[in-house]
Amino acid sequence: MKIGFALPYLHHVAHQVDRTAEFAREAEKAGAASLWAGDRHFAAVDPTIGATGPGTTIPVEYRTAADPFVLLGVAAAATERVQLGTNVLIAPIYAPAHLARSLTTIDRISGGRLIPGFGVGWSPEEFTAANTDFTKRGARTDEMLDALELLWTQDPVEYHGHHLELPLQHSPLKPVQKPRPPFYFGAPSGAPAALRRIGERADGWLPAGLVPDYVDAETVLAQRALIDEFASAAGRDPSLLDTVMRLNVVEGTPSGRVADAIKSLSAETGIEHFMVESMSLPHVDAVLELVAELLMLVGRG
């Protein structure tokens with residue numbers, strides 16, 4: 001069993017990013033298998049689409065977010081063993097060369113421990129701020145994967161898509177991982193298009209659930225079965241697609257309840273790597289306490 005934890009990038013603990021190196025060292029020392037940061041550029045005051053769809057709001061926890069690339073770079077320099085992941089980056093709002101450079105730097109600092117996790121995004125306002133068409137986010141994401149593949153494996157490199165352009169350029173700085181870092185994808189809504197992308201293009205899947213409620217092993221298994229079908233149809237081996245499941249912990253949930261959810265889900269789904277997001281906790285010390293308790297109850301990674 002491998003248990004990972006979110007770095008202090010969101011909500012209360014985002015105000016304590018000066019403790020990122022300390023947090024990363026202590027979590028690794030306690031036995032964490034991975035450390036993660038997500039991507040929230042801002043929370044719109046009057047969102048067109050909320051966190052769970054049209055007509056919903058954006059949680060207060062999303063109003064404060066630190067830069068995931070900076071935090072992962074700090075964590076990479078402060079640790080030796082843990083994997084370092086993004087869960088998830090809003091891939092289509094970035095320029096390919098910018099995204100590749102940032103992720104390559106983290107992979108090199110960490111000695112090849114990066115797990116780049118991507119999503120297509122759900123906030124139209126974030127796309128407006130990035131001067132990017134929200135309605136084309138799926139197509140841009142597919143082209144982003146093509147562009148990253150080239151940037152990480154060729155030099156010089158160029159790419160000409162319908163939505164993304166890379167002029168012929170030198171690209172000598174490559175990640176440590178060969179032929180490239182793996183592509184992981186989330187699909188929070190379980191939309192067939194998102195699951196198809198995972199089956200056809202990804203190296204790993206990032207499902208998510210809420211603890212103590214809204215974690216349904218049957219749904220996870222059904223989505224994974226669909227992903228496997230898409231992978232097989234594309235001539236890929238489904239058994240090679242890794243899974244890391246994110247568990248968002250509701251405020252006030254005892255650590256024992258979280259540990260029970262992890263063990264139960266692992267037994268029912270076969271998933272062996274979990275990421276715990278405890279954005280409601282008020283202080284880095286409280287998160288480190290949860291880290292120690294969970295690793296004691298579940299086991300070290």
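An account of the accompanying structure is given in this report. Please read these numbers as outputs of a predicted model, since none were measured by experiment. (Residues numbered from 1 in each chain as written. Predicted model: local features only at pLDDT ≥ 70, side-chain atom pairs only at ≥ 80, totals over all residues. Heavy atoms only, no water.)

This part is about the pairing of strand β5 (residues 83–86). When strand β2 (residues 34–37) meets β5, the two strands line up parallel, connected through 4 bridges. In the sheet register, Ser34 faces β5, and the bridge partner there is Gln83. Where β5 and strand β7 (residues 114–115) come together, 2 bridges link them in parallel fashion. Within β7, the position partnered with Gly85 by the bridge is Ile115. (Pairing = 2+ DSSP bridges. Helix = DSSP H or I, 4+ residues; strand = E, 2+ residues; numbered from the N terminus.)

Here we come to the sheet that holds strand β8 (residues 117–119). The strands that make up a sheet are held in pairs by hydrogen bonds between backbone atoms, and each pair lies either parallel or antiparallel. Ordered in space as β6-β8-β11-β12-β14, the 5 strands form an open sheet in which the pairing is parallel. Each edge of the open sheet carries a strand with a single partner, namely β6 (89–90) and β14 (242–243). In terms of strand pairing, β8 meets strand β11 (residues 184–186) through 2 bridges, oriented parallel. Within β11, the residue paired with Phe118 across the bridge is Phe185.

Before going further, it helps to spend a moment on the pattern of salt bridges. Pairing of side chains with opposite charge becomes possible as their charged atoms draw close. According to the stated counting rule, one finds 11 salt bridges in the structure shown. For the salt bridge of Arg19 with Asp285, the shortest nitrogen-to-oxygen distance reads 2.7 Å. Note that Arg19 is positioned in the loop between β1 (2–6) and α1 (20–30) and Asp285 in helix α9 (residues 284–298), a separation of 266 residues in sequence. Using a relative accessible area of 41% as the deciding quantity, one classes Asp285 as partly exposed. (Salt bridge = Lys/Arg side-chain N within 4 Å of Asp/Glu carboxyl O. Buried < 20%, exposed > 50% of the residue type's maximum accessible area, 1.4 Å probe, protein only.)

Here we come to the pairing of strand β13 (residues 208–211). Of the two faces of β13, the one lined by Gly209 and Val211 is fully buried and the one lined by Ala208 and Leu210 carries no buried residue. Across 4 bridges, the pairing between β13 and strand β15 (residues 245–249) is parallel. Residue pairing across strands places Ala208 opposite Arg246, the latter belonging to β15.

The packing of two helices is summarised by the inter-axis angle and the distance between the axes. Between helix α2 (residues 68–78) and helix α3 (residues 96–109), the shortest axis-to-axis distance is 8 Å and the interhelical angle comes to 15 degrees. Taken together, the axes of α2 and α3 lie roughly parallel to each other. The two elements α2 and α3 meet at a crossing, and its hand is left-handed. Residues Phe69, Leu72, Gly73, Ala76 and Ala77 of α2 pack against Leu99, Ser102, Leu103, Ile106 and Ile109 of α3. Among the residues making up the contact of α2 with α3, the classes are represented as 8 nonpolar, 2 polar and no charged. (Axes fitted to C-alpha atoms, helices over the stretch in contact; angles between N-to-C directions. Parallel < 35°, antiparallel > 145°, perpendicular 65-115°, else oblique. Left-handed = near helix turned anticlockwise from the far one by under 90°. Contact = heavy atoms within 4.5 Å. Nonpolar A, V, L, I, M, F, W, Y, C, P; charged D, E, K, R; others polar.)

Mapped onto the elements of the fold, Ala91 is located in the loop between β6 and α3. Separated by 72 residues in sequence, Ala91 and His163 place their C-alpha atoms 13 Å apart. Contacts of Ala91, omitting those with residues within four sequence positions, involve Phe118, Gly119 and Met144.

Another point: unusual backbone geometry. The amide bond that connects Asp155 to the next residue, Pro156, takes the cis arrangement and shows omega of -5 degrees. In this fold, Pro156 is placed in the loop between α5 (137–153) and β9 (157–160). For the peptide bond that leads from Lys178 to Pro179, omega is 0 degrees, which places it in the cis range. Secondary-structure assignment places Pro179 in the loop between β10 (165–169) and β11. We note that His11 has phi near 60 degrees; this positive angle belongs to a residue other than glycine. Its place among the elements puts His11 in the loop between β1 and α1.

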